[in-house]
Amino acid sequence: MAGSTERINNGVVTGGVEDAYGEDRATEDQPVTPWAVCIASGHSLLRDPRHNKGLSFTEKERDAHYLRGLLPPVVLSQDLQEKRLLQNVRQFEVPLQRYMALMDLQERNERLFYKLLIDNVEELLPVVYTPTVGEACQKYGSIFRRPQGLYISLKEKGRILEVLRNWPEKSIQVIVVTDGERILGLGDLGCQGMGIPVGKLALYTALGGVRPSACLPITIDVGTNNEDLLKDEFYIGLKQRRATGQEYSELLDEFMTAVRQNYGQKVLVQFEDFANHNAFTLLEKYRENHLVFNDDIQGTAAVVLAGLIASLKSVGGTLADHTFLFFGAGEAGTGIAELVALEISRQAKVSVEEARKKIWLVDSKGLIVTSRNDTLQPFKKRYAHEHEPVKDLLGAVKAIRPTALIGSAGVGRSFTKEVIEAMSSINERPIILALSNPTSQSECTAEQAYTWSQGRAIFGSGSPFDPVKYNDKLFVPAQANNAYIFPGFGLGVVISGAVRVTDDMVLAAAEGLADQVTPEHIDKGLIYPPFSIIRKISASIAARVAAKAYDLGLASQLPRPKDLVKYAESCMYTPVYRSYR
């Protein structure tokens, strides 16, 4: 909890209140003396993205910080700067150009970047995150300008702690790390996967209010099996095939140990876009002794579970009354399935094994049934039920007669007209979730779902789709975006000082998101609230997650705040310019 502090900053003593991040709030949001920022050179102040205000430096600030003459004479407000930047970004017709313009802004003026993103989140989220970030990763070597985040490769084996100490910020609360093997639905992009941790942490700040300086994006480069990248003269990573087995395991062990040694046990490590064979293994290996979270498994599961719970406000019944068919049995599909089973077991007061009987999975070989047990991976076996083999998705829909069809296989247009018509013949309001990213990999479009179901589908997707008009009614497709969950989840972990992540905390996040869906949203076809209120949503989720951490005895930030929502809101980073004395 907060406490009194007295800090020494570059020779100047400042007093203030220490927040949940362990940072003096006076140095974050209150006027700052010249000496606490930069007394040596106004030129260096303009080059520091954290303190640069561009044309918003006042006349007094320009004199106090030796900026006179280094800027044109006009003084612009931050709002006017934001308006100009938004106009500039909109002039680019190619999404990747918009992405590059925003990344340049982030490297030039941090607070203006976050204000622009927060105030225009619905418009800019697809640019800094999916789907545009996927293209950015594919072309990362070609568009590379200056490094963002920390690169740890096999060259640094035995020296990872030393590498972590090279990062200039010492008070890190959230790390997003990838090895680039399964970037979105695009496959092995190796070192170029850095765009994902950078983008995720931008959303941690913009949507969840975690301080930018407390965030650390990391790419672990163990090589790549992508032949095109290995031949690409502009590829920025190790030009060798991926390390596996003991060599890979030892590098990850050293990394996790070094993180804990350098930053303590309360730094959240979020695994991102690891291939299935490593994602489950790493989560299970480290979750008991480290503060870890896998967004592809747990974050995706939470946001989809929230959508399913919200859908019940329209279709009725409880989760236990419905049957779920998953197309895709990888880390996303099985992660969602397991969280749904856990929620069913809690609500219906049955065992998780019993709850799993309401859930069926289809993989590339067809319906997962017990007769396939000898060839199934361990995480699939728990969903192998007694049934005759079924080879294709349409056959599975007709045989199982599910209430909800959930796609996470990364196979574009696999929800055919026949599949959706079959779902619509079984259900008055079929739940159709086409979750695969990017847009080209989506199982169906919003227009297809609404048209083929005659406007009866409750639709959600992983990528954004424009509103659809069908029979004079406007449907607003819901995007099952992990950005609803992980920023608020991370904030909840930080403000509570949690030392472990549990399934109960993930369930709390899902329930918190579902609670934000109103009858008005449901009437529009929405199973998620609008992103325009995402910081309010994140504060509510953070409070739910923190409350669960306190209830489970996993919180170290004591005493427990009386109003966790207000406390979460008070801890959120705001990108308004500070005044420099």
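Residues numbered from 1 in each chain as written. Predicted model: local features only at pLDDT ≥ 70, side-chain atom pairs only at ≥ 80, totals over all residues. Heavy atoms only, no water.

1. Comments concerning the sheet that holds strand E4 (residues 174–178)
Formally: By definition, two strands form a pair when at least two bridges between them are found by DSSP. Helix and strand definitions here come from DSSP, where helices need a minimum of 4 consecutive H or I residues and strands a minimum of 2 consecutive E residues; each element is numbered from the N-terminal end. Axes here refer to lines fitted to C-alpha atoms; in helices the fit is confined to the stretch in contact. Angles between the N-to-C directions go from 0 to 180 degrees. Contacts between residues were defined by any pair of non-hydrogen atoms, one from each residue, lying within 4.5 Å.
Within the open sheet, the 5 strands sit side by side as E3-E5-E4-E6-E7. Their pairing is parallel. Whereas interior strands pair on both sides, the edge strands pair on one side only; in this sheet they are strand E3 (150–153) and strand E7 (292–294). Strand-to-strand, the axes of this sheet are offset by a mean angle of 25°, without reference to chain direction. Direction of pairing for E4 relative to strand E5 (residues 215–221): parallel, over a ladder of 5 bridges. The partner of Thr178 across the bridge, within E5, is Thr219. Across the face of the sheet, helix H16 (residues 295–315) comes into contact with strand E6 (268–271) and E7 while running at roughly 70° to E7.

2. Some thoughts on the environment of Asp374
Worth spelling out the cut-off: Only protein chains enter the calculation, and the probe is 1.4 Å; a residue is then buried if its accessible area is under 20% of its type maximum, exposed if over 50%, and partly exposed in between.
Mapped onto the secondary structure, Asp374 falls in the loop between strand E10 (366–367) and helix H19 (378–381). Given the relative accessible area of 79%, Asp374 is considered exposed. In this structure, the C-alpha to C-alpha distance between Asp374 and Lys139, residues 235 residues apart in sequence, is 41 Å.

3. Quick word on the sheet that holds strand E11 (residues 404–407)
Pairing within the open sheet is mixed, and its 7 strands lie in the order E10-E9-E8-E11-E12-E13-E16. Looking along the sheet, the strands with just one partner apiece sit at the ends: E10 and strand E16 (478–479). Looking at chain direction, strand E9 (residues 359–363) and E10 are connected through 2 bridges and run antiparallel. Of the residues in E10, the one forming a bridge with Val362 is Leu367. Contacting strand E8 (324–327), E9, E10 and E11, helix H20 (residues 393–400) crosses the sheet at an angle of about 170° to E8.

4. So, the pairing of strand E12 (residues 431–434)
Note the threshold: We call a crossover right-handed when, viewed with the strands running away from us, the connection from the first strand over the helix to the second turns clockwise.
On E12, burial covers both faces: Ile431 and Leu433 on one face and Ile432 and Ala434 on the other are all buried. Of the strand pairs in this sheet, E11 and E12 are connected by 4 bridges, and their pairing is parallel. Paired with Ile406 across the strands is Leu433, a residue of E12. Each parallel crossover has a hand, and for E11 linked through helix H21 (residues 417–426) to E12 it is right-handed. The pairing of E12 with strand E13 (residues 458–461) spans 4 bridges and is classified as parallel. For Ala434, the partnering residue across the bridge sits in E13 and is Ser461.

5. Side note on the pattern of salt bridges
Filter applied, for reference: Here, a salt bridge means any side-chain nitrogen of Lys or Arg that lies within 4 Å of a carboxyl oxygen of Asp or Glu.
Evaluation of the coordinates by the stated rule reveals 31 salt bridges. One salt bridge connects Lys200 with Asp295, and the closest N-O pair in it is separated by 2.4 Å. Here Asp295 lies in helix H16 and Lys200 lies in helix H12 (residues 195–208), a separation of 95 residues in the sequence. Taking relative accessible area as the criterion, Lys200 reaches 3% and is therefore assigned buried. Residue classification places Asp295 among the buried positions, given a relative accessible area of 0%. Between Arg560 and Asp551 there is a salt bridge whose closest N-O contact spans 3.0 Å. Using a relative accessible area of 53% as the deciding quantity, one classes Asp551 as exposed. Salt bridges sharing partners connect three or more residues here, namely Asp79, Glu82, Lys115 and Asp119.

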